[in-house]
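Given next are the chains, with one letter for each unit.
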Amino acid sequence: MASIYEFKETEMNGDLLDLSDYKGKVVVIVNTASKCGLAPQLETLEAFYQKYKAQDFVVLGLPSNQFHQELKEDSETEDYCQVHYGVTFPMTKRVKVNGKEEDPLFTYLKDASGQGRITWNFTKFLVGRDGKLIERFKPTTKPEKMEDAIIAALKK
């Protein structure tokens, strides 16, 4: 696969999310979990989404329960993220980020980064306007530490 544009996901409401719709945008893709201690990162990710979306920036949240920190139902996850963290950026139905049933988007992102397995919730992938991975950020990397890279990507 040459870029994220070859993938499709399913939004929380059941609508198809075709990543080719994000051609020309800078995208942060993050595996989320509502009950993770890193979930407050959602606030900063949402703030970035609001701050830069007029410059063709988007955050995509892909909940995963592979680390056993997600709520039971997708609808609960969506409500929780909106109520507690003000999330308005697109969120998908839950996915698997590792293993035989892993989401193909994560297979692509992990291969592109050369860093292997997702080790925890809130691994963040910065994708450029060409749909290709720019950088993978560790779960513990605070989104604030990504802002310079986001700004640089927006300028390209």
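Residues numbered from 1 in each chain as written. Predicted model: local features only at pLDDT ≥ 70, side-chain atom pairs only at ≥ 80, totals over all residues. Heavy atoms only, no water.

*Asks:* Sorry, what's going on with the overall build of the protein here?
*Replies:* Secondary structure summary: the protein contains 4 helices and 6 strands in total. Seen in sequence order, the protein has helices and strands lined up from the N terminus as β-β-β-α-β-α-α-β-β-α. Based on the C-alpha atoms only, the size of the protein along its principal axes is roughly 40 × 35 × 30 Å. When burial is assessed residue by residue, the protein has 54% of its 156 residues classed as buried. For the protein, restricting intrachain contacts to residue pairs at least 6 apart in sequence, the fraction spanning at least 24 positions comes to 67%. As presented, the protein carries roughly 7,600 Å² of accessible surface, and 48% of it is formed by carbon and sulfur atoms. Taking the average location of the 22 positive side-chain charges in the protein and that of its 24 negative ones, the two points are 6 Å from each other. (Helix = DSSP H or I, 4+ residues; strand = E, 2+ residues; numbered from the N terminus. Buried < 20%, exposed > 50% of the residue type's maximum accessible area, 1.4 Å probe, protein only. Contact = heavy atoms within 4.5 Å. Areas by Shrake-Rupley, 256 points an atom, 1.4 Å probe, with all protein chains shown as cover. Lys, Arg positive; Asp, Glu negative; His and termini not counted. Charge placed at Lys NZ, Arg CZ, Asp CG, Glu CD.)

*Asks:* Is there a simple way to think about the sheet that holds strand β5 (residues 124–127) in this case?
*Replies:* Note: strands within a sheet are paired through backbone hydrogen bonds, in either parallel or antiparallel orientation. Reading across the sheet, the 4 strands line up as β4-β3-β5-β6 and stay open at both edges, with mixed pairing between neighbours. Edge positions in the open sheet fall to β4 (57–63) and β6 (133–137), since each of these has one partner strand only. The sheet shows a mean angle of 15 degrees between the axes of neighbouring strands, taken without regard to direction. Note: β5 against β6, 4 bridges, orientation antiparallel. Across the sheet, the residue bridging to Phe125 is Arg136, located in β6. (Pairing = 2+ DSSP bridges. Axes fitted to C-alpha atoms, helices over the stretch in contact; angles between N-to-C directions.)

*Asks:* How should the environment of Lys93 be read in this particular structure?
*Replies:* Among the secondary structure elements, Lys93 is positioned in the loop between α2 (74–85) and α3 (104–113). The sequence separation of Lys93 and Lys156 amounts to 63 residues, and the corresponding C-alpha distance is 31 Å. Those residues within four positions of Lys93 in sequence are excluded, and the remaining contacts are Thr10, Glu11, Met12, Gly14, Pro63 and Asp74. A polar side-chain atom of Lys93 sits 3.4 Å from the main-chain carbonyl oxygen of Met12. (Polar contact = N/O pair within 3.5 Å; in protein donor to acceptor, adjacent residues only side chain to side chain.)

*Asks:* What's the story with the packing of aromatic side chains in this structure? I'm lost.
*Replies:* Working definition: an aromatic ring pair is given by the centre-to-centre distance plus the angle between the planes. Counted according to the given criterion, the structure contains 7 aromatic pairs. Considering the side-chain rings of Phe106 and Phe125, the 6.1 Å spacing of their centres and the 70 degrees angle between planes classify their relative orientation as edge-to-face. Note that Phe106 is positioned in helix α3 and Phe125 in strand β5, a separation of 19 residues in sequence. When sorted by exposure, Phe106 lands in the same class as Phe125, which is buried. What links up through ring pairs into an aromatic cluster is the set Phe48, Tyr52 and Phe57. (Phe/Tyr/Trp six-rings, centres within 6.5 Å; stacked < 30°, edge-to-face > 60°.)

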